[in-house]
Amino acid sequence: MDIHEYQGKEILASYGVKVQRGYVANNPQEAVAVAKQLTAETGTGWHVIKAQVHAGGRGKGGGVKLAKNLQQVEELAEQIIGMQLITPQTSAEGKKVHKVLVAEDVYYPGESETSEFYMSVLLNRGKGRNMIMYSTEGGMDIEEVAEKTPHLIFTEEIDPNVGLQAFQARRIAFNLGLSGNAFKEMVQFVDSLYKAYIGSDSSMFEINPVLKTSDNKIIAVDAKVNLDDNALYRHPALAEMRDVREENPIEVEAKAAGLNYVDLDGTVGCMVNGAGLAMATMDLIKYAGFEPANFLDVGGTADAKRVELAFRIILKDPNVKAILINIFGGIVRCDRVAQGVIDAYKNMGDSIKVPIIVRLQGTNAELAKEMIDNSGMPILSAVQFQEAADQVKAALSK
(Lines give C-alpha, C1' and ligand atoms only; values in the text may rest on other atoms or scores of the structure.)
Protein backbone atom coordinates (compact mmCIF):
# COMPACT_ATOMS: atom_id res chain seq x y z
CA MET A 1 0.00 0.00 0.00
CA ASP A 2 1.47 3.34 -1.07
CA ILE A 3 1.09 6.34 1.21
CA HIS A 4 1.70 10.06 0.81
CA GLU A 5 4.96 11.82 1.58
CA TYR A 6 3.56 13.56 4.67
CA GLN A 7 2.32 10.22 6.02
CA GLY A 8 5.69 8.60 5.43
CA LYS A 9 7.35 11.43 7.31
CA GLU A 10 4.95 10.92 10.21
CA ILE A 11 6.10 7.30 10.47
CA LEU A 12 9.76 8.31 10.23
CA ALA A 13 9.41 11.00 12.90
CA SER A 14 7.73 8.52 15.25
CA TYR A 15 10.93 6.43 15.14
CA GLY A 16 13.23 9.39 15.74
CA VAL A 17 14.20 10.17 12.14
CA LYS A 18 14.71 13.90 11.55
CA VAL A 19 12.47 15.10 8.73
CA GLN A 20 11.71 18.31 6.88
CA ARG A 21 8.81 19.63 8.95
CA GLY A 22 5.52 20.60 7.40
CA TYR A 23 1.74 20.44 7.47
CA VAL A 24 -0.78 19.23 4.92
CA ALA A 25 -3.37 21.59 3.43
CA ASN A 26 -6.50 20.88 1.40
CA ASN A 27 -7.01 24.39 0.01
CA PRO A 28 -5.07 27.66 -0.43
CA GLN A 29 -6.47 29.20 2.75
CA GLU A 30 -5.33 26.24 4.83
CA ALA A 31 -1.93 26.46 3.12
CA VAL A 32 -1.49 30.06 4.30
CA ALA A 33 -2.61 29.18 7.83
CA VAL A 34 -0.19 26.26 8.19
CA ALA A 35 2.61 28.31 6.61
CA LYS A 36 2.16 30.89 9.38
CA GLN A 37 2.16 28.12 11.98
CA LEU A 38 5.32 26.62 10.47
CA THR A 39 7.10 29.97 10.54
CA ALA A 40 6.18 30.43 14.20
CA GLU A 41 7.49 26.95 15.08
CA THR A 42 10.62 26.76 12.92
CA GLY A 43 11.50 30.32 11.98
CA THR A 44 11.47 29.46 8.28
CA GLY A 45 10.82 32.44 5.99
CA TRP A 46 10.34 30.47 2.80
CA HIS A 47 8.03 27.50 2.27
CA VAL A 48 8.03 24.56 -0.13
CA ILE A 49 4.63 23.66 -1.60
CA LYS A 50 4.54 19.96 -2.53
CA ALA A 51 1.76 18.13 -4.37
CA GLN A 52 0.71 15.00 -2.48
CA VAL A 53 0.19 12.20 -4.99
CA HIS A 54 1.38 8.60 -5.17
CA ALA A 55 4.07 9.22 -7.77
CA GLY A 56 7.68 10.28 -7.95
CA GLY A 57 9.16 13.01 -10.12
CA ARG A 58 6.66 15.61 -8.88
CA GLY A 59 9.12 18.44 -9.29
CA LYS A 60 9.54 17.68 -13.00
CA GLY A 61 5.78 17.93 -13.47
CA GLY A 62 5.45 21.26 -11.66
CA GLY A 63 4.20 19.75 -8.41
CA VAL A 64 6.92 21.16 -6.13
CA LYS A 65 7.37 24.94 -5.86
CA LEU A 66 9.19 27.37 -3.56
CA ALA A 67 7.17 30.22 -2.01
CA LYS A 68 9.12 33.22 -0.68
CA ASN A 69 6.17 34.90 1.01
CA LEU A 70 2.62 34.14 2.13
CA GLN A 71 1.08 35.54 -1.04
CA GLN A 72 3.10 33.08 -3.08
CA VAL A 73 2.08 30.28 -0.70
CA GLU A 74 -1.57 30.99 -1.52
CA GLU A 75 -0.96 31.43 -5.25
CA LEU A 76 1.11 28.26 -5.62
CA ALA A 77 -1.28 26.18 -3.51
CA GLU A 78 -4.13 27.38 -5.74
CA GLN A 79 -2.15 26.39 -8.84
CA ILE A 80 -1.20 22.93 -7.57
CA ILE A 81 -4.38 21.80 -5.77
CA GLY A 82 -6.77 20.48 -8.40
CA MET A 83 -4.16 20.23 -11.15
CA GLN A 84 -3.71 17.06 -13.17
CA LEU A 85 -0.07 16.32 -12.34
CA ILE A 86 1.85 14.41 -15.00
CA THR A 87 5.23 12.96 -13.98
CA PRO A 88 7.53 10.25 -15.40
CA GLN A 89 5.80 7.82 -13.00
CA THR A 90 2.16 8.59 -13.87
CA SER A 91 0.06 7.73 -16.91
CA ALA A 92 -0.34 10.22 -19.73
CA GLU A 93 -3.48 11.48 -18.00
CA GLY A 94 -1.60 12.16 -14.77
CA LYS A 95 -3.07 12.27 -11.27
CA LYS A 96 -5.34 14.88 -9.74
CA VAL A 97 -3.82 16.69 -6.75
CA HIS A 98 -6.18 16.86 -3.77
CA LYS A 99 -3.82 18.28 -1.16
CA VAL A 100 -0.38 19.83 -0.69
CA LEU A 101 2.32 19.62 1.93
CA VAL A 102 3.57 23.02 3.09
CA ALA A 103 7.12 22.35 4.28
CA GLU A 104 9.93 24.40 5.79
CA ASP A 105 12.88 25.55 3.70
CA VAL A 106 15.89 23.46 4.74
CA TYR A 107 18.39 24.74 2.17
CA TYR A 108 19.39 27.74 4.28
CA PRO A 109 22.95 29.18 4.19
CA GLY A 110 25.40 28.22 6.91
CA GLU A 111 28.89 27.11 7.83
CA SER A 112 29.15 24.43 5.12
CA GLU A 113 27.69 23.46 1.76
CA THR A 114 24.54 21.34 1.67
CA SER A 115 24.79 17.81 0.25
CA GLU A 116 22.08 15.49 -1.07
CA PHE A 117 22.17 11.69 -0.77
CA TYR A 118 19.95 8.83 -1.83
CA MET A 119 18.90 6.09 0.60
CA SER A 120 16.35 3.28 0.55
CA VAL A 121 15.56 0.20 2.59
CA LEU A 122 13.99 -2.76 0.83
CA LEU A 123 14.07 -6.54 0.55
CA ASN A 124 16.71 -8.19 -1.60
CA ARG A 125 14.53 -11.07 -2.79
CA GLY A 126 17.44 -12.88 -4.39
CA LYS A 127 19.19 -13.27 -1.04
CA GLY A 128 16.21 -13.15 1.31
CA ARG A 129 17.67 -10.25 3.27
CA ASN A 130 16.80 -6.64 3.85
CA MET A 131 19.14 -4.21 2.15
CA ILE A 132 20.05 -0.56 2.52
CA MET A 133 20.88 0.98 -0.85
CA TYR A 134 22.50 4.40 -0.85
CA SER A 135 24.40 6.83 -3.02
CA THR A 136 26.14 10.18 -2.94
CA GLU A 137 24.00 11.15 -5.95
CA GLY A 138 20.85 12.25 -4.17
CA GLY A 139 18.06 14.26 -5.75
CA MET A 140 18.40 12.33 -9.03
CA ASP A 141 16.57 9.34 -10.52
CA ILE A 142 18.35 6.37 -8.97
CA GLU A 143 17.70 4.37 -12.16
CA GLU A 144 19.70 6.95 -14.12
CA VAL A 145 22.53 6.79 -11.57
CA ALA A 146 22.55 2.98 -11.80
CA GLU A 147 22.75 3.15 -15.59
CA LYS A 148 25.39 5.84 -15.97
CA THR A 149 27.48 5.65 -12.77
CA PRO A 150 26.81 2.29 -11.07
CA HIS A 151 29.99 2.58 -9.01
CA LEU A 152 28.31 5.39 -7.05
CA ILE A 153 25.62 3.06 -5.67
CA PHE A 154 26.43 1.14 -2.47
CA THR A 155 24.49 -1.58 -0.69
CA GLU A 156 24.51 -2.88 2.85
CA GLU A 157 22.83 -6.23 3.46
CA ILE A 158 21.31 -6.89 6.88
CA ASP A 159 21.65 -10.31 8.53
CA PRO A 160 18.12 -11.15 9.77
CA ASN A 161 19.57 -12.99 12.77
CA VAL A 162 21.28 -9.93 14.25
CA GLY A 163 19.71 -6.95 12.47
CA LEU A 164 21.49 -3.75 11.51
CA GLN A 165 24.85 -3.50 13.25
CA ALA A 166 26.50 -0.26 14.40
CA PHE A 167 29.54 -0.83 12.19
CA GLN A 168 27.25 -1.01 9.13
CA ALA A 169 25.67 2.36 9.91
CA ARG A 170 29.17 3.83 10.37
CA ARG A 171 30.30 2.31 7.06
CA ILE A 172 27.37 3.97 5.29
CA ALA A 173 28.27 7.36 6.77
CA PHE A 174 31.92 6.84 5.80
CA ASN A 175 31.08 5.86 2.20
CA LEU A 176 28.99 9.02 1.90
CA GLY A 177 32.08 11.05 2.75
CA LEU A 178 30.79 12.50 6.00
CA SER A 179 32.77 13.55 9.07
CA GLY A 180 32.28 15.27 12.40
CA ASN A 181 28.72 15.95 13.54
CA ALA A 182 27.28 15.04 10.13
CA PHE A 183 28.89 11.59 10.45
CA LYS A 184 27.28 11.04 13.90
CA GLU A 185 23.93 12.31 12.65
CA MET A 186 24.01 9.96 9.64
CA VAL A 187 24.77 6.95 11.84
CA GLN A 188 21.73 7.81 13.99
CA PHE A 189 19.63 8.50 10.87
CA VAL A 190 20.41 5.09 9.35
CA ASP A 191 19.66 3.28 12.62
CA SER A 192 16.31 5.07 13.08
CA LEU A 193 15.36 4.63 9.40
CA TYR A 194 15.89 0.88 9.60
CA LYS A 195 13.85 0.67 12.81
CA ALA A 196 11.01 2.54 11.07
CA TYR A 197 11.16 0.11 8.14
CA ILE A 198 11.02 -2.95 10.39
CA GLY A 199 8.54 -1.52 12.88
CA SER A 200 5.99 -0.52 10.24
CA ASP A 201 6.29 -3.79 8.27
CA SER A 202 7.11 -1.83 5.13
CA SER A 203 8.07 -3.17 1.72
CA MET A 204 10.15 -0.10 0.93
CA PHE A 205 11.36 3.17 2.41
CA GLU A 206 12.94 5.50 -0.14
CA ILE A 207 14.38 8.86 0.94
CA ASN A 208 15.51 11.00 -1.97
CA PRO A 209 17.07 13.24 -1.02
CA VAL A 210 18.56 12.71 2.40
CA LEU A 211 19.99 16.16 3.10
CA LYS A 212 23.07 17.25 4.98
CA THR A 213 22.14 20.80 5.92
CA SER A 214 24.54 23.72 6.06
CA ASP A 215 24.77 23.26 9.84
CA ASN A 216 25.57 19.52 9.46
CA LYS A 217 22.19 18.03 10.36
CA ILE A 218 20.88 14.97 8.50
CA ILE A 219 17.19 15.08 7.56
CA ALA A 220 14.73 13.34 5.26
CA VAL A 221 13.46 15.86 2.71
CA ASP A 222 11.19 13.36 0.96
CA ALA A 223 9.69 9.99 1.86
CA LYS A 224 8.34 7.39 -0.54
CA VAL A 225 6.88 4.51 1.48
CA ASN A 226 5.18 1.27 0.51
CA LEU A 227 3.56 -0.72 3.33
CA ASP A 228 3.12 -4.49 3.15
CA ASP A 229 -0.61 -5.12 2.62
CA ASN A 230 -0.32 -8.51 4.29
CA ALA A 231 0.85 -6.93 7.57
CA LEU A 232 -1.71 -4.12 7.79
CA TYR A 233 -3.86 -6.13 10.21
CA ARG A 234 -1.09 -5.52 12.75
CA HIS A 235 -1.11 -1.77 12.12
CA PRO A 236 -4.70 -0.44 12.06
CA ALA A 237 -3.46 3.15 12.34
CA LEU A 238 -1.31 2.70 9.23
CA ALA A 239 -4.17 1.01 7.36
CA GLU A 240 -6.17 4.21 7.93
CA MET A 241 -3.59 6.08 5.83
CA ARG A 242 -4.90 4.49 2.65
CA ASP A 243 -6.11 7.06 0.11
CA VAL A 244 -8.37 5.27 -2.38
CA ARG A 245 -8.51 8.42 -4.55
CA GLU A 246 -4.91 7.64 -5.53
CA GLU A 247 -5.70 4.07 -6.56
CA ASN A 248 -7.25 2.56 -9.68
CA PRO A 249 -11.03 2.63 -8.99
CA ILE A 250 -11.53 -0.77 -10.63
CA GLU A 251 -8.86 -2.31 -8.40
CA VAL A 252 -10.47 -0.71 -5.33
CA GLU A 253 -13.86 -2.20 -6.25
CA ALA A 254 -12.34 -5.63 -6.91
CA LYS A 255 -10.49 -5.62 -3.59
CA ALA A 256 -13.68 -4.73 -1.73
CA ALA A 257 -15.34 -7.73 -3.43
CA GLY A 258 -12.51 -10.09 -2.44
CA LEU A 259 -11.11 -10.46 -5.97
CA ASN A 260 -7.39 -10.27 -6.73
CA TYR A 261 -7.35 -7.83 -9.64
CA VAL A 262 -4.53 -5.83 -11.25
CA ASP A 263 -5.28 -3.51 -14.15
CA LEU A 264 -2.98 -3.82 -17.19
CA ASP A 265 -2.74 -2.17 -20.60
CA GLY A 266 -3.85 -4.96 -22.98
CA THR A 267 -7.09 -5.93 -24.72
CA VAL A 268 -7.78 -9.49 -23.49
CA GLY A 269 -9.57 -9.72 -20.16
CA CYS A 270 -8.61 -12.69 -17.97
CA MET A 271 -10.71 -14.56 -15.42
CA VAL A 272 -8.74 -17.36 -13.77
CA ASN A 273 -8.62 -19.27 -10.50
CA GLY A 274 -5.19 -19.49 -8.91
CA ALA A 275 -2.29 -17.05 -9.27
CA GLY A 276 -0.03 -19.54 -11.05
CA LEU A 277 -2.62 -20.38 -13.68
CA ALA A 278 -3.37 -16.67 -14.05
CA MET A 279 0.28 -15.96 -14.85
CA ALA A 280 0.36 -18.84 -17.32
CA THR A 281 -2.81 -17.54 -18.96
CA MET A 282 -1.24 -14.10 -19.38
CA ASP A 283 1.78 -15.76 -21.02
CA LEU A 284 -0.58 -17.66 -23.32
CA ILE A 285 -2.21 -14.43 -24.44
CA LYS A 286 1.16 -12.85 -25.17
CA TYR A 287 2.26 -15.91 -27.16
CA ALA A 288 -0.90 -15.48 -29.23
CA GLY A 289 0.28 -11.99 -30.15
CA PHE A 290 -1.91 -9.97 -27.78
CA GLU A 291 -1.61 -8.32 -24.36
CA PRO A 292 -3.59 -9.16 -21.19
CA ALA A 293 -5.90 -6.40 -19.96
CA ASN A 294 -5.74 -7.54 -16.36
CA PHE A 295 -4.69 -10.10 -13.79
CA LEU A 296 -7.82 -11.48 -12.10
CA ASP A 297 -7.85 -14.43 -9.71
CA VAL A 298 -11.42 -15.34 -8.69
CA GLY A 299 -10.14 -17.82 -6.08
CA GLY A 300 -11.49 -21.23 -5.24
CA THR A 301 -15.17 -20.41 -5.66
CA ALA A 302 -16.46 -19.53 -9.12
CA ASP A 303 -20.25 -19.53 -8.73
CA ALA A 304 -22.63 -17.44 -10.85
CA LYS A 305 -22.55 -14.44 -8.48
CA ARG A 306 -18.75 -14.32 -8.34
CA VAL A 307 -18.38 -14.87 -12.10
CA GLU A 308 -20.91 -12.10 -12.82
CA LEU A 309 -19.03 -9.74 -10.49
CA ALA A 310 -15.77 -10.60 -12.24
CA PHE A 311 -17.40 -9.98 -15.63
CA ARG A 312 -18.64 -6.56 -14.56
CA ILE A 313 -15.23 -5.54 -13.22
CA ILE A 314 -13.38 -6.70 -16.34
CA LEU A 315 -15.84 -4.89 -18.61
CA LYS A 316 -15.30 -1.58 -16.79
CA ASP A 317 -12.05 -1.42 -18.78
CA PRO A 318 -13.01 0.07 -22.18
CA ASN A 319 -9.90 -1.48 -23.77
CA VAL A 320 -11.16 -5.06 -23.30
CA LYS A 321 -12.02 -6.63 -26.67
CA ALA A 322 -12.33 -10.28 -25.55
CA ILE A 323 -12.48 -12.26 -22.29
CA LEU A 324 -10.66 -15.54 -21.67
CA ILE A 325 -11.91 -17.63 -18.76
CA ASN A 326 -9.42 -20.31 -17.74
CA ILE A 327 -10.49 -22.41 -14.74
CA PHE A 328 -8.95 -25.53 -13.26
CA GLY A 329 -11.66 -27.58 -11.59
CA GLY A 330 -9.86 -28.92 -8.56
CA ILE A 331 -11.49 -27.23 -5.58
CA VAL A 332 -14.65 -26.49 -7.57
CA ARG A 333 -16.17 -28.77 -10.24
CA CYS A 334 -16.01 -27.58 -13.85
CA ASP A 335 -19.74 -28.10 -14.42
CA ARG A 336 -20.51 -25.70 -11.56
CA VAL A 337 -18.21 -23.11 -13.09
CA ALA A 338 -19.84 -23.62 -16.49
CA GLN A 339 -23.28 -23.11 -14.95
CA GLY A 340 -21.97 -20.00 -13.24
CA VAL A 341 -20.71 -18.60 -16.54
CA ILE A 342 -24.00 -19.38 -18.30
CA ASP A 343 -26.12 -17.86 -15.49
CA ALA A 344 -23.91 -14.77 -15.30
CA TYR A 345 -24.19 -14.27 -19.07
CA LYS A 346 -27.97 -14.56 -18.89
CA ASN A 347 -28.17 -12.10 -15.98
CA MET A 348 -26.03 -9.52 -17.72
CA GLY A 349 -27.89 -9.70 -21.01
CA ASP A 350 -26.71 -7.25 -23.65
CA SER A 351 -24.06 -5.64 -21.43
CA ILE A 352 -21.54 -8.23 -22.64
CA LYS A 353 -20.56 -7.09 -26.12
CA VAL A 354 -17.20 -8.87 -26.46
CA PRO A 355 -16.45 -12.51 -27.35
CA ILE A 356 -15.97 -14.89 -24.42
CA ILE A 357 -13.72 -17.94 -24.58
CA VAL A 358 -13.99 -20.50 -21.77
CA ARG A 359 -11.40 -23.19 -21.06
CA LEU A 360 -12.25 -25.60 -18.24
CA GLN A 361 -10.06 -28.47 -17.14
CA GLY A 362 -10.36 -30.85 -14.19
CA THR A 363 -13.33 -32.56 -12.58
CA ASN A 364 -16.29 -32.89 -14.99
CA ALA A 365 -14.51 -30.87 -17.70
CA GLU A 366 -16.23 -32.74 -20.54
CA LEU A 367 -19.66 -32.19 -18.99
CA ALA A 368 -18.84 -28.49 -18.57
CA LYS A 369 -17.88 -28.14 -22.24
CA GLU A 370 -21.09 -29.85 -23.27
CA MET A 371 -23.15 -27.49 -21.07
CA ILE A 372 -21.53 -24.42 -22.63
CA ASP A 373 -21.85 -25.74 -26.18
CA ASN A 374 -25.55 -26.51 -25.65
CA SER A 375 -26.40 -23.32 -23.73
CA GLY A 376 -27.39 -21.31 -26.78
CA MET A 377 -25.14 -18.52 -25.49
CA PRO A 378 -22.47 -17.04 -27.81
CA ILE A 379 -19.72 -18.51 -25.65
CA LEU A 380 -16.75 -20.35 -27.18
CA SER A 381 -15.42 -23.37 -25.31
CA ALA A 382 -11.95 -24.90 -25.38
CA VAL A 383 -10.19 -27.87 -23.82
CA GLN A 384 -6.51 -27.33 -24.54
CA PHE A 385 -4.41 -24.26 -23.76
CA GLN A 386 -3.44 -23.76 -27.40
CA GLU A 387 -7.03 -24.17 -28.52
CA ALA A 388 -8.05 -21.34 -26.20
CA ALA A 389 -5.24 -19.15 -27.56
CA ASP A 390 -6.30 -19.86 -31.14
CA GLN A 391 -9.89 -18.90 -30.36
CA VAL A 392 -8.76 -15.64 -28.76
CA LYS A 393 -6.71 -14.90 -31.87
CA ALA A 394 -9.60 -15.74 -34.19
CA ALA A 395 -12.05 -13.61 -32.18
CA LEU A 396 -9.80 -10.56 -32.23
CA SER A 397 -8.78 -10.95 -35.87
CA LYS A 398 -12.32 -10.55 -37.19
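All residue numbers refer to position in the chain's written sequence, counted from 1. In keeping with the model being predicted, local features are shown solely for residues with a pLDDT of at least 70 and side-chain atom pairs are shown and tallied solely at 80 or more, while totals for entire chains, interfaces and linings include all residues. Only hydrogens and water are set aside; all other atoms, that is, all heavy atoms of the structure, feed into the side-chain values.

A.B. asks: Give a detailed account of the sheet that holds strand E3 (residues 64–67), specifying residues and quantitative values.
C.D. replies: When DSSP locates at least two bridges between a pair of strands, those strands are taken to pair. Comment: elements are numbered from the N terminus, with helices defined as DSSP H or I runs of at least four residues and strands as E runs of at least two. With antiparallel pairing, four strands are arranged side by side in an open sheet as E1-E6-E2-E3. Every other strand in the sheet has two partners, leaving strand E1 (22–25) and E3 as the edge strands with one partner each. Averaged over all pairs of adjacent strands, the angle between strand axes in this sheet comes to 25°, irrespective of strand direction. When strand E2 (residues 47–51) meets E3, the two strands line up antiparallel, connected through four bridges. Residue pairing across strands places valine 48 opposite leucine 66, the latter belonging to E3. A fitted line through C-alpha atoms represents every axis, and for helices the fit uses only the stretch in contact; the resulting angles, taken between N-to-C directions, go from 0 to 180 degrees.

A.B. asks: Please give an account of the nonpolar core that cites residues and values.
C.D. replies: Each nonpolar core is a collection of buried residues, namely Ala, Val, Leu, Ile, Met, Phe, Trp, Tyr and Cys, held together in the definition by side-chain atoms within 4.5 Å. Relative accessible area decides the class of each residue, using a 1.4 Å probe on protein chains only: under 20% of the type maximum gives buried, over 50% gives exposed, and in between gives partly exposed. Grouped together as the largest cluster of nonpolar side chains are 38 residues, with contacts concentrated most on Leu12, Met119, Ile132, Met186, Phe189, Phe205 and Ile207. Among the secondary structure elements, those contributing two or more residues to this core are helix H1 (5–14), strand E7 (115–124), strand E8 (129–135), helix H5 (166–175), helix H6 (180–199), strand E10 (202–212), strand E11 (218–220) and strand E12 (224–227). In terms of residue count, the dominant contributor to this core is H6 (nine residues). With sequence-adjacent residues up to four places away left out, isoleucine 132 is seen in contact with Met119, Ser120, Val121, Phe154, Thr155, Glu156, Ile158, Leu164, Ile172, Val190 and Tyr194. Ranked by size, the runner-up nonpolar core spans 34 residues in total, among them Val298, Ala310, Ile327 and Cys334. Here, two residues are considered to be in contact whenever any of their heavy atoms come within 4.5 Å of each other.

A.B. asks: Lay out the UniProt feature "binding site: Mg(2+)" (unreviewed entry) in the chain in plain terms, naming residues and giving numbers.
C.D. replies: UniProt positions are given in the numbering used here, feature names are shortened, and annotations may be inferred rather than shown by experiment. Under the local residue numbering, the UniProt record ascribes the feature "binding site: Mg(2+)" (unreviewed entry) to Asn208 and Asp222. Along the chain, asparagine 208 falls in strand E10. In this view, asparagine 208 contacts Phe117, Tyr118, Gly138, Gly139, Met140 and Asp222; residues no more than four positions away in its chain are not counted. Polar contact criterion, stated in full: a pair of N or O atoms within 3.5 Å, where within protein one must be able to donate a hydrogen and the other to accept it, and residues adjacent in sequence count only if both atoms are side-chain atoms. Polar contacts involving the side chain of asparagine 208 include one to the main-chain amide nitrogen of glycine 139, which spans 2.6 Å. Along the chain, aspartate 222 turns up in the loop between E11 and E12. What makes aspartate 222 buried here is its relative accessible area of 19%. Discounting residues that sit within four places of it in the chain, aspartate 222 has contacts with Glu5, Lys9, Arg58, Glu206, Ile207, Asn208 and Pro209.

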